[in-house]
Amino acid sequence: MINNMVQLVKQLSNRLSPNVYTSLQQQSDAARLSHLRQIQRQLKQEDVLDRPITDLSFIIFDLETSGFYPDKGDGILSIGAVKMKGSEILEEETFYSTVQCSKVPSSEILELTGLTEEELNDSPPLLDVLSDFYSFIGHSTLVAHHASHEKKFMSHATWQTLRTTFQHRIIDTSFLTKIVVPESLVTLDECCAYYDIPVQKRHHALEDALITAQLWQKNIRLAKEKGFDTLRDVYTYLAKGRMTQS
């Protein structure tokens, strides 16, 4: 519904007076914000910690960005995601979009991600991509590798475009890796090598999300075997471990 309204505004923009176009655009932005706030209300009602992990809906996602510091001008270049139900990867339910950016990324970033200036220039603006992404994720729990990076950019982008705070729970893959793997694994490549997860393409948002989903799947199954049934079980175990170390 929201996307249809946005498309209508765009189609009419060349035929309407500036005042009418601005009014329609404001209505469109208000509809996006209303939809996001509805999702946020659902988040507060969702019992995530005490439900069996195998019953939870997860969105495994990845961002490709132009750098590490959104507050210094670095931006999101692409978003990739795949849905999971417990440990089942729903490979047909994916999200991918590149993002139009005002500042051209460095040649190193373009080479690393495989993106081009033309592709980014022809991409939808961040507001449209974020709105579509929020519609895709709904009130599911988010999972990412090195999730602090994703959380930092999602928080900044959500405030810049929608003027509201980012409220989704994001879990780092290390949340489970550290309780099921006897050795320290840091990078996504190290995790894939440990689990024999085939890697065909790296630093592509959707491909990295699919790889991360396989990592999360293996961790969920191993955690279940070790007796961890809920997220609260894991939080409690990790908290006791920190208390013991201190």
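The structure contained in this document is the topic of the report that follows. The shown structure was predicted, so the numbers you read here are calculated from the model rather than taken from an experiment. (Residues numbered from 1 in each chain as written. Predicted model: local features only at pLDDT ≥ 70, side-chain atom pairs only at ≥ 80, totals over all residues. Heavy atoms only, no water.)

**Let's talk about the packing of aromatic side chains**
For any pair of aromatic rings, the description rests on two quantities: the centre-to-centre distance and the angle between the ring planes. Applying the stated criterion across every chain yields a total of eight aromatic pairs. Residues Phe68 and Tyr69 carry aromatic rings whose centres are separated by 6.4 Å and whose planes lie at 70 degrees to one another, so their mutual orientation is edge-to-face. What makes Phe68 exposed here is its relative accessible area of 56%. For Tyr69, a relative accessible area of 46% translates into the label partly exposed. Judged by centre distance (5.7 Å) and plane angle (40 degrees), the rings of Phe95 and Phe136 are tilted. (Phe/Tyr/Trp six-rings, centres within 6.5 Å; stacked < 30°, edge-to-face > 60°. Buried < 20%, exposed > 50% of the residue type's maximum accessible area, 1.4 Å probe, protein only.)

**Focus on the nonpolar core**
One broad trend across soluble globular proteins is that nonpolar side chains are buried collectively. By size, the foremost hydrophobic cluster in this structure holds 32 residues, and its most contacted members are Phe58, Ile60, Phe175, Leu176, Ile179, Trp216 and Leu231. Elements that contribute at least two residues to this core include exactly strand S1 (57-65), strand S2 (76-85), helix H7 (174-180), helix H8 (188-195), helix H9 (205-225) and helix H10 (231-245). Considering each element in turn, this core owes the most residues, six residues, to H9. Contact partners of Ile179, with chain neighbours within four places excluded, come to Ala223, Lys226, Phe228, Val234, Tyr237 and Leu238. Phe61, Leu130, Phe153 and Met154 belong to the second largest nonpolar core, which has 26 residues in total. (Core = buried A, V, L, I, M, F, W, Y, C linked by side-chain atoms within 4.5 Å. Helix = DSSP H or I, 4+ residues; strand = E, 2+ residues; numbered from the N terminus. Contact = heavy atoms within 4.5 Å.)

**A few points about helix H6 (residues 147-162)**
With 16 residues, H6 should cover 22 Å at 1.5 Å per step; its first-to-last C-alpha distance of 21 Å lies within 8% of that length. Looking at H6, one finds that the buried residues are Ala147, His149, Glu150, Phe153, Met154, Ala157, Thr158 and Leu162. Taken down its axis, H6 places every buried residue within 145 degrees of arc, on the same side. Two residues or fewer past H6, Arg163 is found with a positive phi of approximately 55 degrees. (Expected span 1.5 Å × (residues − 1). Arc of directions from axis to C-beta.)

**Section: a negative patch on the surface**
On the surface, Glu117, Glu118, Glu119 and Asp122 cluster together into a negatively charged patch. Residue placement: Glu119 occurs in helix H4 (residues 117-121). The class of Glu119 is partly exposed, set by a relative accessible area of 32%. (Patch = residues over 30% accessible without salt bridge, like charges linked within 9 Å, V, L, I, M, F, W, Y side chains within 5 Å. Areas by Shrake-Rupley, 256 points an atom, 1.4 Å probe, with all protein chains shown as cover. Salt bridge = Lys/Arg side-chain N within 4 Å of Asp/Glu carboxyl O. Lys, Arg positive; Asp, Glu negative; His and termini not counted. Charge placed at Lys NZ, Arg CZ, Asp CG, Glu CD.)

**Observations regarding the pattern of salt bridges**
In this structure the tally under the stated criterion is six salt bridges. The residue Arg32 makes a salt bridge to Asp128 at a minimum N-O spacing of 2.8 Å. Residue Arg32 is located in helix H2 (residues 18-45), and its partner Asp128 is located in helix H5 (residues 126-137); the two are separated by 96 residues in the primary sequence. Judged by relative accessible area, which is 5%, Arg32 ranks as buried. The salt bridge partner of Arg202 is Asp208, with a shortest N-O separation of 2.8 Å. Residue Asp208 is classed as buried on the basis of its relative accessible area of 2%.

**Focus on the environment of Gly75**
One can find Gly75 in the loop between S1 and S2. For Gly75, a relative accessible area of 24% translates into the label partly exposed. With twelve residues separating them in the primary sequence, Gly75 and Leu63 have C-alpha atoms 9.8 Å apart. When residues no more than four places from it in sequence are discounted, the contact partners of Gly75 are Glu64, Thr65, Ser66 and Phe153.

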